[in-house]
2 protein chains.
Amino acid sequence: MKHSKNGNMLIAQSGGPSMVINQSLVGAIQEAKKHKNIKKIYGAIHGIEGVLNENFINLRKETYKTLEAVASSPSSALGTVRMKPTPADCHKIFEVLHKHGIRYFFYIGGNDTAETVHIINNEANNSGYPIHCFHIPKTIDNDLRSNDHTPGFGSAAKFVACALMGINLDNRALPGVHISVIMGRHAGFLTAASALARVYPDDGPHLIYLPEKPFTITQFVKDVKAVYKKYGRCLIAVSEGIADRNGVAIAAKFSKEVDSHGNVQLSGTGALGDLLAKEIKARTSISRVRADTFGYLQRSFPAMISDVDAKEARIAGTKAVQAACKGSSSGSIAIKRAPGKTYKAYYERVDLKDVARHSKEMPSKFINKAGNDVTKAFIEYAKPLVGKLPAPGRFKEIKMK
Amino acid sequence: MKHSKNGNMLIAQSGGPSMVINQSLVGAIQEAKKHKNIKKIYGAIHGIEGVLNENFINLRKETYKTLEAVASSPSSALGTVRMKPTPADCHKIFEVLHKHGIRYFFYIGGNDTAETVHIINNEANNSGYPIHCFHIPKTIDNDLRSNDHTPGFGSAAKFVACALMGINLDNRALPGVHISVIMGRHAGFLTAASALARVYPDDGPHLIYLPEKPFTITQFVKDVKAVYKKYGRCLIAVSEGIADRNGVAIAAKFSKEVDSHGNVQLSGTGALGDLLAKEIKARTSISRVRADTFGYLQRSFPAMISDVDAKEARIAGTKAVQAACKGSSSGSIAIKRAPGKTYKAYYERVDLKDVARHSKEMPSKFINKAGNDVTKAFIEYAKPLVGKLPAPGRFKEIKMK
C-alpha cells in the first residue's frame, strides 16, 4: 500500500485520564510541527465521540507556552471518552477522517483504544484510503501487552507509594488496621507499587492483595491477625479487582449479599474498603479498623508526577509521529527495557494486533507464594519507573533510664 | 508561685497526626537544648498513655540529622493517642511528672490536648509543685480559639486544594458528578480550602457544603441539578460532618436508615460519599456519579507540605519553650495575623483556658448566603497559609474551520 506523504493529522485521547497522557499529546504535536508533510493538526474533543460529531480544535493555534503548560498537567486536555465503537461507528469515523483529509491518525489510550485504531486501520486498508493509524500507549494499570511498562503507571505508582508512606506513619502513630483500596480491576501492578513505601523493616503495607491471586475472606482475616499479633498494627493494600477462585469480584459479591438482605446498592467507590473493614471487626477483637479508597487522586493528582514517566510519555508521542512520517502505515509505540543493571528504556514500533484487545496481568515472579505480597523482583522492576521518593525520618527511640 | 529554673523536660504529641506536628516537636527540642536550666529531655510514647506507663525515650540522644529528618516527616513521630484523661489519670500523670523531676511539660495537639494540659497545670498549682505546663497548637481542622489559624491546617489545605485541582481536570475530561468527602466534623475550614483549586471560571468545586450550615438532601440535589445544567458536570466538596437543622450528622442518619432495613453497618469512611452519590442517581437522570473520601491522605501525605505551615509549626514549638524558660508558668502559643495586605504571622502566649475544651467554627463572613460555597474573604484568608499551588494548563480550544 502506497502512503500519501501530504495530509492533515488528527489526535485524540481515550479511556481513563493519567498524570502524563498530555505529555504524549504534546510530544506528538511538537514533533508533527517539524514535518512539512503534516498540514493541519486536528484535536478531537472527547476521543472518537468528537470525531463522530466533528468536534475539532485547531492545535496549530496553541502557543508553545500553552502546549507546555498542558503537557505538565494531569488528566486528558482534549477530553476523553469510554466508548467501544461499533463496526458502524468505525465506518463513520473513517468517513469523517476521509472528509477532512486526515492522513495521520493518533489515538492515545490503553488496549481498547489500540483495538479502535486497529479496526479503523483495517477499514482504511480495505477501502484503499491511505492513512497512517497509530496508537500511543497510556494506562496507569500497566497492563499493555508488548510493553515492559506503560506511560501513566510510574506517576500513579509514585502517588500510591507516597500515600502508603504517609498512611504507614499515621498508622504507626495511632495503631490499628488500615486498608487502602487501589485501582486495578484485572492487573495488580498499581496496588503492588504500594510496596515501594517501605523504608524500615516493620513498615507497611504488611499485606498486599492483587486480582491475579484468588482472595478468600478466611485467609485474609488469618493474615491480618498474624500481622497484628507481630506488630500491633496492620497496613493492607488491596486492588479494587480482587476476586474469588471463580473470578467473581469480591466487591460485587458483597454488594449482592447486601442487596438480598436490605435492597442497599453499594456501587460507590468506598464499598469494598468499608466492607473488608467490617469483616475484620466482626471476625477479630481489633476495634480500630479504617479503610481509604484512593479513587481519582491516584490518576489525577498534580505535582506527583514521576520524571521518568513524564519523559517516556513524551517520547512515546514523539516516536509515533516519527514512525508515521518515516512511512510506517500503522502500529503502536511499545516501551522496552534494555538489559543491564542501570535502568534504560527504548522504544519499538509494534503491530496494533500485538497491543489491542487483550491486556496482560502481573507475571507470577512478581507475586509471593502466599499471594499476599510482592517479590523483590517486582521492587527492582518498579523502582526506576517511580523515581525518587520521600525519605521519612524516625527516632532511634533510646529508652530513658 | 515561684518556679524552679532547673529541671527535666517532657514533650508529647496527641490527637490526629498532621503533616507538620513533628516540626513543632523538633522546634521545641532544638530550642530546649539552648537553655541550660533544661536538663533531660523526655519524649513520651503515645502521649499521656506513655506518661501513665512511664514509656519514655531520651530525646537528647537523637542526632541533629535524625531530628531534622523527623521534622520534615508527616505524622506524630512520638506516637499519639486519643485519650481524654479522667481526674484520676491527671493525678497519676502529675505524680509521674513529679517522680521524674519534670519541670517543663509540653503537649502538642488540639483543644482536647490543651484541656489536658490545663487540668494537669491546675493539679500542679494546687499541690504547689512548680512546673511549666505548655500547650503547642496543632490541628488540621483549624478550629482552635484565640488563633488566626493552626499548624497543620495549611498543609492539609494544600493537599485538599491539589486533590480538587486534579479531580477537576479529571471530571472535565470525563464529565459527570464527583463528590469529595473531606475531614472536619464540626469546622468546615479544610473542606472550604477546596475552593483554592479554582483557576478558570468553570473550575470546580462548584458546590461546597460545610458543617456550619444545615444540610438538606432536597436542596443539595437542586443545587447539583442547576450546576449540571450549566456546565454539564458538577464537582462537590463536602465535610464529613455535614448535619441537618437539628445538628444530626447526615452520615449517621443514613447509617441508621440502612440499619433498620437490612442490619447493614456503614461505619467505614466511604459511606457518606457513596450514599450522597446514590441520592443523586436516584433523584436525577445523571448516571455518572462518583465519590472519593480523602481519609488519612489529607493529614499524612508526604511531600505536600506548605512551607508557611512547616515554618509556623516550628516557631510555635520554639516559642513555647522560650515562654516557659522566660518564667511563664503555663499557657499556649497562639498564631495571630498582623493587619495589612501582606501576610505576616506573629505569636502570643495565651492562657490555657482560652484554647482548651471548646473549639471554634468558620465565621459566617467566610460562607456564602446560600450555604453552598465560600466567600472571597475566605480565599484571601486561606491562600497565604497554603502557599504556591500547581498551575494547570488548558488549551484555548480554537475550533477547526
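Here the structure is a predicted model, which is why all the values come from computation and not from measurement.

Some details on the overall build of chain A
Here's step 1: Secondary structure summary: chain A contains 13 helices and 11 strands in total.
Here's step 2: Scaling as 2.2 N^0.38, a compact globule of 401 residues should have a C-alpha radius of gyration of about 21 Å, and chain A matches this with 23 Å.
Here's step 3: Along the first, second and third principal axes, the C-alpha atoms of chain A reach 80 × 55 × 35 Å.
Here's step 4: Across the 401 residues of chain A, 64% fall into the buried class.
Here's step 5: In chain A, the proportion of contacts linking residues at least 24 apart, taken out of those at least 6 apart, comes to 77%.
Here's step 6: Of the charged side chains in chain A, 57 are positive and 35 negative, and the gap between their average positions amounts to 5 Å.

Let's talk about the nonpolar core
Here's step 1: Counting residues in hydrophobic clusters, the biggest one holds 94 residues, and the most contacted among them are Phe 159 and Phe 301 of chain A together with Phe 159 and Phe 301 of chain B.
Here's step 2: Contacts of Phe 301 of chain B, omitting those with residues within four sequence positions, involve Phe 159, Cys 162, Ala 163, Phe 301 and Met 304 of chain A together with Met 19, Pro 74 and Phe 159 of chain B.

Thoughts on the domain arrangement of chain A
All names here are of chain A.
Here's step 1: When its domains are assigned, chain A resolves into domain 1 (7–152 + 305–354) and domain 2 (153–302 + 363–386).
Here's step 2: Using C-alpha coordinates to define each centre, domain 1 is positioned 33 Å away from domain 2.
Here's step 3: Between domain 1 and domain 2, the contact holds 23 residues from the first and 22 residues from the second.
Here's step 4: Summing both sides of the interface, domain 1 and domain 2 together bury roughly 1,700 Å²; the carbon and sulfur share of this comes to 57%.
Here's step 5: Considering only the side of domain 1, the residues that lose the most area to domain 2 are Met 19, Ile 140 and Asn 142, jointly responsible for 33% of the buried surface there.
Here's step 6: On the surface where domain 1 and domain 2 come into contact, there are 0 salt bridges.

Re the side chain of Asp 89 of chain B
All names here are of chain B.
Here's step 1: By the secondary structure assignment, Asp 89 is in helix α4 (residues 87–99).
Here's step 2: In this structure, Asp 89 is buried with no salt-bridge partner, the nearest side chain bearing the opposite charge being Lys 92 at 7.8 Å.
Here's step 3: Dropping the residues within four chain positions of it, Asp 89 is found in contact with Leu 52 and Met 83.

So, the interface of chain B and chain A
Here's step 1: Residue-level contacts link 83 residues of chain B with 83 residues of chain A.
Here's step 2: Here chain B meets chain A over a buried area of about 6,400 Å², counting both sides, of which 64% is carbon and sulfur.
Here's step 3: Looking at the side of chain B facing chain A, the largest losses of area belong to Tyr 296, Phe 395 and Met 400 of chain B, adding up to 14% of the total buried there.
Here's step 4: Where chain B touches chain A, the interface holds 2 salt bridges.
Here's step 5: Linking Asp 170 of chain B and Arg 299 of chain A is a salt bridge whose minimum nitrogen-to-oxygen distance equals 2.7 Å.
Here's step 6: There are 32 residue pairs in polar contact (both at pLDDT 80 or more) connecting chain B and chain A.
Here's step 7: Counting residues per element, the side of chain B that touches chain A draws most heavily on helix α6 (residues 153–173) of chain B, which supplies 10 residues.

Quick notes on empty space enclosed by the protein
Here's step 1: Considering all chains together, one arrives at 3 cavities of 30 Å³ or more under this definition.
Here's step 2: Each pocket or cavity is described by its volume, and for the largest cavity that value is around 90 Å³.
Here's step 3: Here the element with the most residues in the lining of the largest cavity is α6 of chain B; it accounts for 3 residues.
Here's step 4: Of the residues belonging to the lining of the largest cavity, the class tally is 4 nonpolar, 5 polar and 2 charged.
Here's step 5: Empty space within the second largest cavity amounts to approximately 40 Å³.
Here's step 6: Every residue along the wall of the second largest cavity is listed here: Met 165, Asn 168, Leu 169, Ala 197, Tyr 200, Asp 203 and Pro 392 of chain A.
Here's step 7: Residue composition of the lining of the second largest cavity, grouped by class: 5 nonpolar, 1 polar and 1 charged.

A look at the sheet that holds strand β2 (residues 38–44) of chain A
All names here are of chain A.
Here's step 1: The strand order across the open sheet formed by 7 strands is β3-β2-β1-β4-β5-β10-β11, and the pairing between neighbours is mixed. Single-partner strands in this sheet number two, and they are β3 (56–58) and β11 (345–350). Averaged over all pairs of adjacent strands, the angle between their axes in this sheet comes to 25°, without regard to strand direction.
Here's step 2: Packed onto the sheet, helix α12 (residues 307–325) meets β2, β4 (102–109), β5 (132–137), β10 (330–337) and β11 and runs at close to 165° relative to β5.

Thoughts on the packing of helix α8 (residues 217–231) of chain A against helix α10 (residues 271–283) of chain A
All names here are of chain A.
Here's step 1: Axis separation between α8 and α10 bottoms out at 10 Å; the angle between their running directions is 70°. Taken together, the axis directions place α8 and α10 in an arrangement best described as roughly perpendicular. Crossing geometry of α8 relative to α10 is assigned as right-handed. Each of Ile 217, Thr 218, Phe 220, Val 221, Val 224 and Lys 225 in α8 lies in contact with α10, whose residues at this interface are Leu 276, Glu 279, Ile 280 and Arg 283.
Here's step 2: Of the residues assigned to the contact of α8 with α10, the class counts are 6 nonpolar, 1 polar and 3 charged.

Remarks on helix α10 (residues 271–283) of chain B
Here's step 1: Compared with an ideal rise of 1.5 Å per residue, which puts 13 residues at 18 Å, α10 of chain B spans 18 Å between its outermost C-alpha atoms and is within 8% of the ideal.
Here's step 2: Among the residues making up α10 of chain B, those that are buried are Ala 271, Leu 272, Gly 273, Asp 274, Leu 275, Leu 276, Ala 277, Glu 279 and Ile 280 of chain B.

A short note on the pairing of β10 of chain A
Residues and elements named next belong to chain A.
Here's step 1: Across the 8 residues that make up β10, a large majority, 6, are buried.
Here's step 2: With 3 bridges joining them, β5 and β10 adopt parallel strand pairing. Within β10, the residue paired with Cys 133 across the bridge is Ser 330.
Here's step 3: Here β10 pairs with β11 via 6 bridges, running antiparallel. Among the inter-strand pairings, Ser 332 is bridged to a residue of β11, identified as Val 350.

Digging into the relation of the copies chain B and chain A
Both copies of the chain are related by a screw-like operation: a rotation about an axis and a shift along it.
Here's step 1: Superposing chain B onto chain A requires a rotation of 180° together with a translation of 0.0 Å along the rotation axis, leaving an RMSD of 0.0 Å. Each copy turns onto its partner about a two-fold axis.
Here's step 2: When you check the interface residues of chain B against chain A, 100% turn up at the interface there too, and the contact is symmetric in its surfaces.

Points about unusual backbone geometry
Generally, phi is negative for residues other than glycine and the peptide bonds are trans, each holding for most cases.
Here's step 1: Of the consecutive residues Gly 204 of chain A and Pro 205 of chain A, the connecting peptide bond is found in the cis state with omega at 5°.
Here's step 2: The residue His 46 of chain B is not glycine, and still its phi comes out positive at about 60°.
Here's step 3: Along the chain, His 46 of chain B turns up in the loop between β2 (38–44) and α2 (47–52).
Here's step 4: Even without a glycine there, the phi angle at Ala 303 of chain B is positive, about 65°.
Here's step 5: Its place among the elements puts Ala 303 of chain B in the loop between α11 (297–300) and α12 (307–325).
Here's step 6: In this structure Ala 303 of chain B comes out as partly exposed when scored by relative accessible area, which is 48%.

Describing a positive patch on the surface
Here's step 1: On the surface, a cluster of positive charge is made up of Lys 33, Lys 36, Lys 39 and Arg 60 of chain A.
Here's step 2: Since its relative accessible area comes to 77%, Lys 36 of chain A is described here as exposed.

What to know about the sheet that holds strand β4 (residues 102–109) of chain B
Residue and element names in this part refer to chain B.
Here's step 1: Read across the sheet, 7 strands follow the order β3-β2-β1-β4-β5-β10-β11 without closing on themselves; strand pairing throughout is mixed. Every interior strand has two partners, whereas the edge strands, β3 (56–58) and β11 (345–350), have only one. Averaged over all adjacent pairs, the angle separating strand axes in this sheet is 25°, with direction ignored.
Here's step 2: The sheet strands contacting helix α1 (residues 21–32) are β1 (7–13), β2, β4 and β5 (132–137), and the helix crosses β1 at an angle near 170°.

Rules of the game
- Residues numbered from 1 in each chain as written.
- Chains lettered and ligands numbered in written order.
- Predicted model: local features only at pLDDT ≥ 70, side-chain atom pairs only at ≥ 80, totals over all residues.
- Heavy atoms only, no water.
- Helix = DSSP H or I, 4+ residues; strand = E, 2+ residues; numbered from the N terminus.
- Rg over C-alpha atoms; globule rule 2.2 N^0.38 Å.
- Buried < 20%, exposed > 50% of the residue type's maximum accessible area, 1.4 Å probe, protein only.
- Contact = heavy atoms within 4.5 Å.
- Lys, Arg positive; Asp, Glu negative; His and termini not counted.
- Charge placed at Lys NZ, Arg CZ, Asp CG, Glu CD.
- Core = buried A, V, L, I, M, F, W, Y, C linked by side-chain atoms within 4.5 Å.
- Domains from an automatic or database assignment.
- Buried area = accessible area lost by both parts, 1.4 Å probe.
- Salt bridge = Lys/Arg side-chain N within 4 Å of Asp/Glu carboxyl O.
- Polar contact = N/O pair within 3.5 Å; in protein donor to acceptor, adjacent residues only side chain to side chain.
- 1 Å grid on protein atoms, 1.4 Å probe; cavity = no way out; pocket = protein on both sides within 12 Å on 5 of 7 lines; lining within 4 Å.
- Points joined across faces, edges and corners; volume = space filled by probe spheres on them.
- Nonpolar A, V, L, I, M, F, W, Y, C, P; charged D, E, K, R; others polar.
- Pairing = 2+ DSSP bridges.
- Axes fitted to C-alpha atoms, helices over the stretch in contact; angles between N-to-C directions.
- Parallel < 35°, antiparallel > 145°, perpendicular 65-115°, else oblique.
- Left-handed = near helix turned anticlockwise from the far one by under 90°.
- Expected span 1.5 Å × (residues − 1).
- Least-squares fit on C-alpha atoms with pLDDT ≥ 70 in both.
- Patch = residues over 30% accessible without salt bridge, like charges linked within 9 Å, V, L, I, M, F, W, Y side chains within 5 Å.
- Areas by Shrake-Rupley, 256 points an atom, 1.4 Å probe, with all protein chains shown as cover.

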